[in-house]
2 protein chains.
Amino acid sequence: MPEMISEKIVARLCLYRRVLAELESSGISSIFSHELAERAGVSAAQLRRDIMEVGYAGSPSKGYDISGLQESITRFLYGNCKGTTSIIGIGNIGRAILSYIGRENFNINVTACFDEDRDKVGNVFYGCRCYNLNELSERTKQYNITSAILAVPETAAQSVADKLIESNIKGIMNFAPVQLKVPGDVYVENINLGIALEKVHYFARGKEGIRY
Amino acid sequence: MPEMISEKIVARLCLYRRVLAELESSGISSIFSHELAERAGVSAAQLRRDIMEVGYAGSPSKGYDISGLQESITRFLYGNCKGTTSIIGIGNIGRAILSYIGRENFNINVTACFDEDRDKVGNVFYGCRCYNLNELSERTKQYNITSAILAVPETAAQSVADKLIESNIKGIMNFAPVQLKVPGDVYVENINLGIALEKVHYFARGKEGIRY
DNA sequence: ATAACAATGTTATTTTAATAACAAGCCAAT
DNA sequence: ATTGGCTTGTTATTAAAATAACATTGTTAT
């Protein structure tokens, strides 16, 4: 990957890829920028500018070839390597995301999951074996896992993150409402559902000047 | 609320409020902008600019009064009305967020939840009674609910959203990977966990030029 | 063949967000 | 008392993102 691209563009490329996959399975073979843009909920200009980044060329008459563009975006996002990740903490959120990822196809495989609850260790959740948390480093290296989904309680988040980083993980999807301290080469995506809900409430109240 | 503020600022204000609540419960009474900023993971300049929006004034010598600032942000975000929301779909994600919201205190109360599974209807999940989905409009109006958490399967998302809008809901937190079509006065916050995971994978791979 | 059209790829402009800069204010130390 | 060194609140600057504009290209119809 030559140079890094902005988070927003990456997120939208993932979105386009998903829309393209749906379109492909419905039998369409090509699509114009404005149509694809509408389905993705973005403007046509923005979509074209994003696709410029991956370097795929459509045709002025046919638009974009769906399978070709899809493949091109996939190569851009994933290169040669397929994704391997793990989930730490098989509580409500851990299980929710596991069921979600298992169902859909993201080119990302949840290779292992971890918990310290003895009732969970050894079981298989949605096709994914649960290991004891104290095997975290060992298994992470063994399976060459490079990112992790952190779904442990707030109090444990930083110490587990530290172990992950020791095990050479470079990306963390963090569900704990804590600002993790990580080295500069580790990417953290914070998912804070509480804050998202507060946002919804704020704009539900205020949009269009509605008062109650 | 005089005029609308950007989504990003709102999200950060929610974050500050949470950090302030933690600080308050640990007995500290005032804090400087750079300290609060560090705990929230933002720059001091940005924090001060954000706080400017809510119109709270700190002191150059003491910094911000923690309870005062907290109260001020709360009033800005919530006004006089406390939040009432509902969850539609008590599957894995629905339960996860319900347990999450129940545990923490966001000034937002999950007043009702809905599902069409007869085994769930009538039960109480994390303190929240589950109603039949066909009572959605009725209950939403009855309890004066103004936002909703949409955690139903992709295929049902749009039709449920339509019912919500009919019931006068103005904010939706949408977990379904679909671009909902809603009127302009309805705010939608899309939570797409699959895309978030793909982002993590991309940056885990690319940051600092690491290749494998 | 060629003119007209429509969509692309890319550059230019505008808008928005983040950073930095700095005057004003307050306290402590002298 | 007054200077110095902090902070804050706000304005100015820079950077980033989104939008719009447009020249180019390929296709279709005449």
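It should be noted that the structure appears before, not after, this text.
Our subject in this report is the structure included herewith. (Residues numbered from 1 in each chain as written. Chains lettered and ligands numbered in written order. Predicted model: local features only at pLDDT ≥ 70, side-chain atom pairs only at ≥ 80, totals over all residues. Heavy atoms only, no water.)

Some details on the side chain of A:Asn174
All names here are of chain A. Applicable threshold: Counting from the N terminus, the helices are the DSSP runs of H or I reaching at least four residues and the strands are the DSSP runs of E reaching at least two. Buried, partly exposed and exposed residues are distinguished by accessible area as a fraction of the type maximum, computed with a 1.4 Å probe on protein chains only: under 20%, between the cut-offs, and over 50%, respectively. For this analysis, a polar contact is any N or O atom pair within 3.5 Å, provided that within protein one partner can donate a hydrogen and the other can accept it, and provided that sequence-adjacent residues contribute only side-chain to side-chain pairs. Here, residues are in contact when the closest pair of their heavy atoms is within 4.5 Å.
Counting through the fold element by element, Asn-174 comes out in strand S8 (residues 171–174). We classify Asn-174 as buried; its relative accessible area is 0%. At 2.9 Å, the side chain of Asn-174 forms a polar contact with the side chain of Asn-190. Sequence-distant contacts of Asn-174, defined by excluding residues within four places in its chain, comprise Leu-150, Leu-180, Val-188, Glu-189, Asn-190 and Ile-191.

Observations regarding helix H3 (residues 44–54) of chain B
In an α-helix there are 3.6 residues to a turn, and that puts residues three or four apart on one side. Residues and elements named next belong to chain B. Stated formally: Along the arc lie the directions from the helix axis toward the C-beta atoms.
Looking only at H3, the buried set comprises Leu-47, Asp-50, Ile-51 and Val-54. In a view along the axis of H3, the buried residues occupy a sector of 100°, so they form one face of it. In this structure, H3 carries Arg-49 and Met-52 as exposed residues pointing more than 90 degrees from its buried face. Residues of H3 that are buried make contact with helix H1 (7–25), helix H2 (33–40), strand S2 (64–65) and helix H4 (66–78). Trailing H3 by a residue or two, Gly-55 shows a phi angle of about 80°, which is positive.

Brief notes about the protein's contact with DNA strand C
Condition: We call a residue near a molecule or strand when any one of its heavy atoms sits within 4 Å of it. Classification used: nonpolar for Ala, Val, Leu, Ile, Met, Phe, Trp, Tyr, Cys and Pro, charged for Asp, Glu, Lys and Arg, polar for all others including Gly.
In the neighbourhood of DNA strand C, 23 residues make up the surrounding shell, with A:Ser33, A:Ala57, A:Gly58, A:Pro60 and A:Tyr64 lying closest. Separating a phosphate oxygen of DNA strand C from a side-chain N or O atom of A:Tyr64 is a distance of 2.8 Å. Of all the secondary structure elements, the ones that give two or more residues to the surface near DNA strand C are helix H2 (33–40) and helix H3 (44–54) of chain A together with H1 and H3 of chain B. The leading source of residues in the surface near DNA strand C is H3(B), at four residues. Of the residues belonging to the surface near DNA strand C, the class tally is eight nonpolar, nine polar and six charged.

Geometry only, nothing functional implied.
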